[in-house]
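# Coordinates in review
Read off the chains here:
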Amino acid sequence: GAGVSQSPRYKVAKRGQDVALRCDPISGHVSLFWYQQALGQGPEFLTYFQNEAQLDKSGLPSDRFFAERPEGSVSTLKIQRTQQEDSAVYLCASSLADSSSPLHFGNGTRLTVT
Amino acid sequence: QQQVKQSPQSLIVQKGGISIINCAYENTAFDYFPWYQQFPGKGPALLIAIRPDVSEKKEGRFTISFNKSAKQFSLHIMDSQPGDSATYFCAASNNAGNMLTFGGGTRLMVKP
């Protein structure tokens, strides 16, 4: 595939359940970002990887949020003990990480916590 | 704290008209200013971007105007079409491949 792929597209979780969201970046893209987009809002930064290294996780809202990218390609965002306020679209983006290469976004995973 | 402020929140324009969306930023370290277009159920897609060494950039019907001293930039959509109806986000970062800070978005509707 030519673009960033995210799965699942939709996820419904009961409060307290754990969820795992997957991101397949564009092949060869070194940088990978996770963003959270609440309804009617702009995306907000969660965390950033360069290859397998998580260089910035300052945007993760709580210690229930965890992200990994063990082989420097596919990334997983895990949310433990989901709460209603976690309901949002989770967007993944990737780039070549040089100063002229823009971010390319996937279509996101819409998480609804009931 | 909101580092990038966007206005208006919503905009209705007649077909053929000019759509104008404005953004203001606070962080003087920002040196890359993209605009993204987002359709319902899709991720944001890069529309056009500018760096502060130029005051204007035009691509087809889309133009970014940039005012470094005022720390403001704007998107102009000329000859707006119904297919342009979408949510537009301005953003800023300190290089193209880096973490983006987004504005709150503008929901544009172009009436036929």
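What comes next is a walk through the structure.

### So, the sheet that holds strand β6 (residues 56-59) of chain B
All names here are of chain B. The strand order across the open sheet built from 5 strands is β1-β3-β8-β7-β6, with neighbouring strands paired in antiparallel fashion. The open sheet has two edge strands with one neighbour each: β1 (4-7) and β6. Neighbouring strand axes in the sheet, compared pairwise and without regard to direction, differ in orientation by 15° on average. Across 6 bridges, strand β7 (residues 62-67) lies against strand β8 (residues 72-77) in antiparallel orientation. Among the inter-strand pairings, Asn-67 is bridged to a residue of β8, identified as Gln-72.

### Some points on unusual backbone geometry
Across residues other than glycine, the phi torsion is negative in most instances, and most of the peptide bonds are trans. Cis peptide bonds are those with omega within 30 degrees of zero, and the linkage from Ser7(A) to Pro8(A) qualifies with -10°. Tracing the chain through its elements places Pro8(A) in the loop between β1 (5-7) and β2 (10-13). In this structure, the amide linkage connecting Ser7(B) to the following residue, Pro8(B), adopts the cis form with an omega of -5°. Locating Pro8(B) in the fold gives a position in the loop between β1 and β2 (10-14). Despite not being glycine, Asn51(A) shows a phi value in the positive range, around 55°. Positive phi, normally seen in glycine, also occurs at Asp79(B), with a value near 45°. Relative to the helices and strands, Asp79(B) is located in the loop between β8 and β9 (86-92).

### Remarks on the interface of chain B and chain A
Contact with chain B, which involves 19 residues of that partner, is made by 21 residues of chain A. Across the chain B/chain A interface, buried area totals approximately 1,400 Å², and carbon plus sulfur atoms make up 54% of it. For chain B, the biggest contributors to the area lost against chain A are Gly97(B), Met99(B) and Phe102(B); these three give 30% of the whole. At the boundary of chain B and chain A, one finds 0 salt bridges. Inspection of the region where chain B meets chain A yields 5 residue pairs in polar contact (both at pLDDT 80 or more). Grouping the amino acids of the side of chain B that touches chain A by side-chain chemistry returns 9 nonpolar, 8 polar and 2 charged.

### Examining the side chain of Ser75(A)
Topologically, Ser75(A) is positioned in strand β8 (residues 75-79). For Ser75(A), the side chain forms a polar contact with the side chain of Trp34(A), separated by 2.9 Å.

### As for the nonpolar core
By size, the foremost hydrophobic cluster in this structure holds 24 residues, and its most contacted members are Phe33(B), Trp35(B), Phe73(B), Leu75(B) and Tyr88(B). Listed by contribution, the elements that provide at least two residues to this core are β2, β3 (19-25), β4 (33-38), β5 (45-50), β7, β8, β9 and β11 (106-111) of chain B. Looking at this core, the element that brings in the most residues is β9(B), giving 4 residues. With 20 residues, the next largest nonpolar core counts Ala13(A), Val19(A), Ala88(A) and Cys92(A) among its residues.

### A look at the sheet that holds strand β7 (residues 65-68) of chain A
Sheets are built from strands that pair by backbone hydrogen bonding, the pairs being arranged parallel or antiparallel. Residue and element names in this part refer to chain A. Strand order in the open sheet formed by 4 strands is β1-β3-β8-β7, with antiparallel pairing between adjacent strands. A strand with exactly one partner marks an edge of an open sheet, and here the two such strands are β1 and β7. Across this sheet, the average inter-strand angle for adjacent strands is 15°, counted without regard to direction. With 4 bridges connecting them, β7 and β8 associate as antiparallel partners. Across the sheet, the residue bridging to Phe-65 is Ile-79, located in β8.

Parameters and conventions
Residues numbered from 1 in each chain as written. Chains lettered and ligands numbered in written order. Predicted model: local features only at pLDDT ≥ 70, side-chain atom pairs only at ≥ 80, totals over all residues. Heavy atoms only, no water. Pairing = 2+ DSSP bridges. Helix = DSSP H or I, 4+ residues; strand = E, 2+ residues; numbered from the N terminus. Axes fitted to C-alpha atoms, helices over the stretch in contact; angles between N-to-C directions. Contact = heavy atoms within 4.5 Å. Buried area = accessible area lost by both parts, 1.4 Å probe. Salt bridge = Lys/Arg side-chain N within 4 Å of Asp/Glu carboxyl O. Polar contact = N/O pair within 3.5 Å; in protein donor to acceptor, adjacent residues only side chain to side chain. Nonpolar A, V, L, I, M, F, W, Y, C, P; charged D, E, K, R; others polar. Core = buried A, V, L, I, M, F, W, Y, C linked by side-chain atoms within 4.5 Å. Buried < 20%, exposed > 50% of the residue type's maximum accessible area, 1.4 Å probe, protein only.

In short, geometric facts, not functional conclusions.
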